[in-house]
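# Per-entry structural report
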Amino acid sequence: MPDHPTVESLLQANARFYEAFEELDVAAMHELWEHSDRVYCCHPGWSPLRGARPVLESWKRIIENTTAMSFTLDQVQAHVAGHIGVVTLYENIASRVGYERHTSTTAVTNLFAFDPAAGAWKLFHHHASHAAIPEQTEGMLN
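Residues numbered from 1 in each chain as written. Predicted model: local features only at pLDDT ≥ 70, side-chain atom pairs only at ≥ 80, totals over all residues. Heavy atoms only, no water.

For the rest of this paragraph, the subject is helix α3 (residues 52-64). The end-to-end C-alpha distance of α3, which contains 13 residues, comes to 18 Å, matching closely the 18 Å that a straight helix rising 1.5 Å per residue would cover. Packed against the buried residues of α3 are α1 (7-22), α2 (26-32), β1 (40-42), β2 (49-50) and β6 (120-130). (Helix = DSSP H or I, 4+ residues; strand = E, 2+ residues; numbered from the N terminus. Expected span 1.5 Å × (residues − 1). Contact = heavy atoms within 4.5 Å.)

Next up on the list: the side chain of Asn110. Among the secondary structure elements, Asn110 is positioned in strand β5 (residues 100-115). The residues touching Asn110, leaving out its near neighbours within four places in the chain, are Asn14, Phe17, Tyr18, Gly85, Val86, Val87, Leu89, Leu123, His125 and His126.

Compared with the 22 Å implied by 1.5 Å per residue over 16 residues, the 23 Å span of α1 between its first and last C-alpha is a close match. Listing the buried residues of α1 in full gives Ser9, Leu10, Ala13, Asn14, Phe17, Tyr18, Ala20 and Phe21. Packing partners of the buried residues in α1 comprise α2, α3, β3 (68-81), β4 (84-97), β5 and β6. Of the residues flanking the end of α1, it is Leu24, one or two places downstream, whose phi is positive at about 50°. (Buried < 20%, exposed > 50% of the residue type's maximum accessible area, 1.4 Å probe, protein only.)

What follows deals with the pairing of β4. Pairing of β3 with β4, which is carried by 12 bridges, proceeds in the antiparallel orientation. Each bridged residue has a counterpart across the sheet, and for Ala68 the counterpart in β4 is Arg96. The hairpin formed by β3 and β4 contains two residues between the paired strands, and Gly82 there has a positive phi angle of roughly 65°. Two elements, β4 and β5, share 14 bridges in a ladder whose sense is antiparallel. (Pairing = 2+ DSSP bridges.)

Turning to unusual backbone geometry, a few remarks are in order. Note: most peptide bonds trans; most residues except glycine with negative phi. In this model, Leu24 sits at a positive phi of 50°, which is unusual for a non-glycine residue. With respect to the helices and strands, the residue Leu24 is situated in the loop between α1 and α2. Here Gln75, not a glycine, exhibits a phi torsion of approximately 55°, which is positive. With respect to the helices and strands, Gln75 occurs in strand β3.

Now for the environment of Cys42. Note on placement: Cys42 falls in strand β1. On a C-alpha basis, the gap between Cys42 and His125 in space is 8.4 Å, while along the polypeptide they are 83 residues apart.

In this section: the confidence of the model for the chain. Within the chain, residue pLDDT values average 92, and 92% of them lie at 70 or more. Across residues 137-142, confidence stays below pLDDT 50; counting only partners more than four residues off in sequence or on other chains, it has six contacts. (pLDDT = per-residue confidence, 0-100.)

With the rule as written, the count across this model stands at two salt bridges. Across the salt bridge formed by Lys122 and Glu31, the nearest N and O atoms sit 3.3 Å from each other. Of the two residues, Lys122 sits in strand β6 while Glu31 sits in helix α2, which places them 91 residues apart along the sequence. (Salt bridge = Lys/Arg side-chain N within 4 Å of Asp/Glu carboxyl O.)

Here we take up the sheet that holds β4. Spatially, six strands are ordered β2-β1-β6-β5-β4-β3 in an open sheet, and the strand pairing comes out mixed. Edge positions in the sheet fall to β2 and β3, since each has one partner strand and no second. By the bridge criterion, three bridges tie β1 to β6 in an arrangement that is parallel. Within the sheet, the bridge partner assigned to Cys41 lies in β6 and is His126. Its contacts with the sheet put α1 on β3, β4, β5 and β6, and the angle it makes with β3 is roughly 160°. (Axes fitted to C-alpha atoms, helices over the stretch in contact; angles between N-to-C directions.)

Printed below as a string of structure tokens:
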């Protein structure tokens, strides 16, 4: 558990978010999020959700209705400014809902706040929008 915010610990928190999602683990997803009124989430094609309760309920519904989920993350960039962490990336998603298979690519911004008492990053903002498959350009990271 880090005692101060670092880019490495931020990237680990971001990875745990995707692990919880892939494992369809409602409890782990619940633990990763901040429980405050500033929580915000915009799933692709949904109206934005504000506040911990509706956001966590949305994840519960998504997880309970998904048979399988996997991600390939691309162009992950992380920045820390004080106790705020910003992660931008592309999600290449493969999922199965019932017998239907779905694939998509989304451009994502995840915002985290570092809680010094817990020594942990808590997600408070997730915005994912449908996007074209990203092309690699000079200066971009994989």
